[in-house]
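Here is what each chain is made of, one letter per residue.
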Amino acid sequence: MFTEQKPIVSMKGVRDGLLVTLGEGEWPDIQEALLNEVKEKRDFLKGARLALDVGNRVICAADMGTLRDRLSDLEVNLWAVLSSSTATEQTAQTLGLATRITTPRPERTVRPMDTHLEGENAIFVQRTLRSGFKVETRGHVVVLGDVNPGAEVIAGGNVIVWGRLRGMVHAGAEGDESAVVCALDLNPTQLRIAGLVAVSPQKTRKPRPEVARVHEGQVIAEAWNIKD
Amino acid sequence: MAAKVVTVTSGKGGVGKTTTTANLAVALACQGQKVVCIDGDIGLRNLDVVLGLENRIVYDLVDLVEGRCRLRQAMIKDKRIPELYLIPAAQTRDKSAVSPSDMVRLCDEIRPEVDWILIDSPAGIERGFRNSIAPADIVLVVTNPEVSAVRDADRIIGLVEAEEKGPARLIINRVNPVLTKRGDMLDPDDVLELLAVELIGIIPEDESVVVSTNRGQPVAFEGTSKAGVAFRNVARRLQGEQVPFLNLQENNNGFFGRFTRLLKPGRV
């Protein structure tokens, strides 16, 4: 009974050239089939770059080199051999052939402009933290109220106090030196950023909003300038 | 009658809780109110001494809570004023002899019979403080114009808020106008700025307080001393009266002048 055989060599265009997939069969037959196919379409294929998907076949270096040379005689450039066999992949690499081709990407869908920000975790405290109160989190802390002496704020991220900061505050408690501490009146008992510790100088002037940050290994406080 | 329960507390010791309690009780009673004081400082009682009732103690708070006497038996009547009573603390027990719910039950029992129940809290933030605060309708925090006392007051105010008994009201005790004027003592303005609670009294430093405490005759009895007047003003404010703060300095432009202006309604 005659059954129509699957073509043992199929070609299709990919982004970087032609991808040839080989079907079942012995290597010499396959090679001949491929070369015949190329010869037939010689005019069309002249100068083409060809990637060869050999499946799980193990092909020795001699065979692969021969194929490359014979394709080259036909003015076709073999530039890649794809295989699920690591031995074949290694052989191809030895011969200076690529073993991966970029798979064609699905056409890009145009996404809407990304104006929705995920944000980061923060604790919002809308009260004055009196002596003995403690806020501790790995995220940021925002206090709407004062932080009195004896209160503690410890944050993995930044600390923002919309009020008077007079207690102990530790920003970047997990070692983040880029963390900052902002307050309308920055006058903490002790201020820590990451591993650095600072104490407020005696202030006599009118309180102003300030931000404390690490600058060249030191904690500095400067006017809270939103434009920064 | 449904009494208001007022707890006097401070956190720090020695700022004048007991003196304040005794004087407020006397002042309220002198103003025609029926008052019961409860000494919450079990094991270190003082209120009986300050009120001059030490030698009349038969039953105490712990006897009452443990059912060894009736309420009337534990209430010592002050014979100098018509309606002033004291329930003294036990001296031979400790704070754990009474629980917060005992205090609530006791106050609920007294409430229908009087106008005011004043509880003198012990120093600290432990069991005795919790016992004293549990039945409170109003909490008065006493502080001195000293950094350490203000710190503790801040902590106490926070705890009172956490117990949902707040907002506490503040009494600044032992203010020395001369030292304050020189800048050697915290200004009441500074204290208020930090604590941010309603002020209900400023009591000037007054030698007569020491004398009267030792005699068991609170200054609020007689009408001459500044501290006595100040305590009586606090008692009137507790009853809802608007009373201007004492001018402790001759010069009205001093801090008390500013102070009085700051305390006009509308200020938080």
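Position numbers for residues start from 1 in each chain and track the written sequence from start to end. Going through the entries in the order they are written, you letter the chains from A and number the ligands from 1. Confidence filtering applies because this is a predicted model: local features only for residues at pLDDT of at least 70, side-chain atom pairs given and counted only at 80 or more, and all residues used for totals across whole chains, interfaces and linings. Side-chain metrics rest on all non-hydrogen atoms present in the structure, leaving aside hydrogens and water.

Asker: Explain the overall build of chain B here, please?
Answerer: The secondary structure content of chain B amounts to 12 helices and eight strands. For 268 residues, the compact-globule formula gives about 18 Å, and the C-alpha radius of gyration of chain B, at 18 Å, lands near that figure. In terms of principal-axis extent, the alpha carbons of chain B reach across some 55 × 40 × 30 Å. Remark: exposure states derive from per-residue accessible area (1.4 Å probe, protein chains only) relative to the maximum for the residue type, with buried under 20%, exposed over 50%, and partly exposed in between. Of all 268 residues assigned to chain B, the portion counted as buried reaches 57%. Every residue pair with non-hydrogen atoms within 4.5 Å of one another is taken to be in contact. Intrachain contacts of chain B at a sequence separation of at least 6 include 75% that bridge at least 24 residues. For the accessible areas, the method is Shrake-Rupley and the probe is 1.4 Å, while residue cover comes only from the protein chains on display. For chain B, the accessible surface area stands at approximately 11,300 Å², while carbon and sulfur atoms represent 48% of it. Note that His is not counted, nor are the chain ends; the positive residues are Lys and Arg, and the negative ones are Asp and Glu. Lysine's charge is taken at NZ, arginine's at CZ, aspartate's at CG and glutamate's at CD. Put simply, chain B has 34 plus and 36 minus side-chain charges, and the middle of one group is 3 Å from the middle of the other. Put simply, DSSP H or I for four residues or longer makes a helix, DSSP E for two residues or longer makes a strand, and each gets a number counted from the N terminus. Throughout, radius of gyration means the C-alpha value; the globule benchmark is 2.2 Å times the number of residues raised to the power 0.38.

Asker: I would appreciate a short explanation of helix H11 (residues 226–238) of chain B in the present structure.
Answerer: Residues three or four positions apart in an α-helix share a direction because the helix packs 3.6 residues into each turn. All names here are of chain B. An expected span of 1.5 Å times one less than the residue number is assigned to each helix. The terminal C-alpha atoms of H11, which comprises 13 residues, lie 18 Å apart, in line with the 18 Å expected from a rise of 1.5 Å per residue. All of the buried residues in H11 are Ala227, Gly228, Ala230, Phe231, Asn233, Val234, Ala235, Arg237 and Leu238. Residues of H11 that are buried in the fold lie against helix H1 (17–30), strand S5 (116–120), strand S6 (138–143), strand S7 (169–175), strand S8 (198–204) and helix H10 (207–215).

Asker: Would you explain unusual backbone geometry in this entry?
Answerer: Trans is the prevailing form of peptide bonds, just as negative phi is the prevailing case for residues other than glycine. Residues and elements named next belong to chain B. Of note in this structure, Glu164 is not a glycine but carries a positive phi near 60 degrees. Tracing the backbone through its elements, the reader meets Glu164 in the loop between helix H7 (147–162) and S7. Backbone geometry at Arg174 places phi at a positive 60 degrees, although glycine is not the residue there. Along the chain, Arg174 falls in strand S7.

Asker: Help me understand the sheet that holds strand S8 (residues 152–155) of chain A, please; the structure alone is not making it clear to me.
Answerer: Pairing between sheet strands relies on hydrogen bonds along the backbone, with the strands arranged either parallel or antiparallel. All names here are of chain A. Should DSSP find at least two bridges between two strands, the strands are regarded as paired. Pairing in this open sheet of five strands is mixed, and the strands run S6-S8-S10-S12-S13 from one edge to the other. Taken across any chain shown, the strands that pair with only one partner, and hence form the sheet edges, are strand S6 (134–137) and strand S13 (196–198). Shown here is a sheet whose adjacent strand axes are inclined to one another by a mean of 10 degrees, direction ignored. An axis is simply a line fitted to the C-alpha atoms; with a helix, the fit covers only the stretch in contact. Between two such axes, the angle follows the N-to-C directions and lies from 0 to 180 degrees.

Asker: How do you make sense of the pairing of strand S10 (residues 168–171) of chain A when you look at a structure like this?
Answerer: The two faces of a sheet get side chains in turn, since along a regular strand they alternate between them. Residue and element names in this part refer to chain A. Across the two faces of S10 the burial is the same, with Met168 and His170 and Val169 and Ala171 all buried. Here three bridges tie S8 to S10, and the two strands are oriented parallel to one another. Within the sheet, the bridge partner assigned to Ile154 lies in S10 and is His170.

Asker: How should the sheet that holds strand S2 (residues 17–22) of chain A be read in this particular structure?
Answerer: Residue and element names in this part refer to chain A. Within the open sheet, the four strands sit side by side as S1-S2-S3-S4. Their pairing is mixed. Among the strands making up the open sheet, the edge pair consists of strand S1 (9–14) and strand S4 (77–82). In this sheet, neighbouring strand axes are inclined to one another by 25 degrees on average, regardless of whether the strands run parallel or antiparallel. As judged from the five bridges shared by strand S3 (residues 49–53) and S4, these two strands associate in the parallel manner. Counterpart to Arg49 in the pairing with S4 is Asn77.

Asker: Sorry if this is basic, but what is going on with the interface of chain A and chain B here?
Answerer: You'll often see interface size given as the accessible area lost when the parts meet. Counting residues at the interface gives nine residues for chain A, matched by 13 residues for chain B. Put simply, buried area is the surface a 1.4 Å probe can reach on two separate parts but cannot reach once they are joined, added for both. Sorting the residues of chain A by area buried against chain B places Arg130, Ser131 and Pro149 of chain A first, and these three jointly supply 52% of that buried surface. For this analysis, a salt bridge means a side-chain nitrogen from Lys or Arg found within 4 Å of a carboxyl oxygen belonging to Asp or Glu. Inspection of the region where chain A meets chain B yields five salt bridges. Here Glu161 of chain B makes a salt bridge to Arg127 of chain A, at a shortest N to O gap of 3.3 Å.

Asker: Got a minute to help me understand the side chain of Asn131 of chain B in this structure?
Answerer: Residues and elements named next belong to chain B. With respect to the element layout, Asn131 can be found in helix H6 (residues 127–133). Overall, Asn131 belongs to the buried group, its relative accessible area being 3%. Of the polar contacts made by the side chain of Asn131, one reaches the backbone oxygen of Val98; its length is 3.1 Å. Those residues in contact with Asn131 that lie beyond four places of it in its chain are Lys95, Val98, Ser99, Pro100 and Met103. Here a polar contact is taken to be a pair of N or O atoms separated by no more than 3.5 Å, where protein atoms must pair a possible hydrogen donor with a possible acceptor and residues adjacent in sequence count only if both atoms sit in side chains.

Asker: For this particular structure, what's the right way to read the domain arrangement of chain A?
Answerer: What the domain assignment reports for chain A is domain 1 (9–94) and domain 2 (122–223). Each domain's extent is set by a domain assignment, obtained either automatically or from a database. The distance between the C-alpha centroids of domain 1 of chain A and domain 2 of chain A comes to 67 Å.

Asker: Please clarify how the nonpolar core should be interpreted in this entry.
Answerer: Looking at soluble globular proteins, one finds that nonpolar side chains tend to be buried together. Residues and elements named next belong to chain B. To qualify as a nonpolar core, a set must consist of buried Ala, Val, Leu, Ile, Met, Phe, Trp, Tyr and Cys residues joined through side-chain atoms within 4.5 Å. Leu51, Leu84 and Leu140 are the most contacted members of the largest nonpolar core, which has 40 residues in total. The greatest single-element share of this core, amounting to seven residues, is contributed by H1. Sequence-distant contacts of Leu140, defined by excluding residues within four places in its chain, comprise Val6, Thr7, Val8, Thr9, Leu24, Arg169, Ile171, Ile200 and Leu238.

Asker: I keep staring at the pattern of salt bridges and nothing clicks. Help me out?
Answerer: Scanning the entire structure with this criterion turns up 29 salt bridges over all chains. Salt-bridge contacts for Lys41 of chain A lead to Glu37 of chain A; the nearest nitrogen and oxygen are separated by 3.0 Å. The class for Lys41 of chain A is partly exposed, based on a relative accessible area of 34%. For Arg72 of chain B, the salt bridge goes to Glu113 of chain B, with nearest N and O atoms at 2.7 Å. On the criterion of sequence distance, the pair formed by Arg72 of chain B in helix H4 (residues 71–74) and Glu113 of chain B in the loop between helix H5 (100–110) and S5 is long-range, its members being 41 residues apart. A single network of salt bridges, built from pairs that share partners, joins Arg127 and Arg130 of chain A together with Asp154 and Glu161 of chain B.

Asker: Quick question: what am I supposed to make of the pairing of S4 of chain A here?
Answerer: Of all the six residues making up S4 of chain A, five are buried; the element is thus mostly covered by neighbouring parts of the structure. If you view a crossover with the strands going away from you and the path from the first strand over the helix to the second runs clockwise, you call it right-handed. Handedness of the S3 of chain A-helix H3 (residues 61–73) of chain A-S4 of chain A crossover: right-handed.

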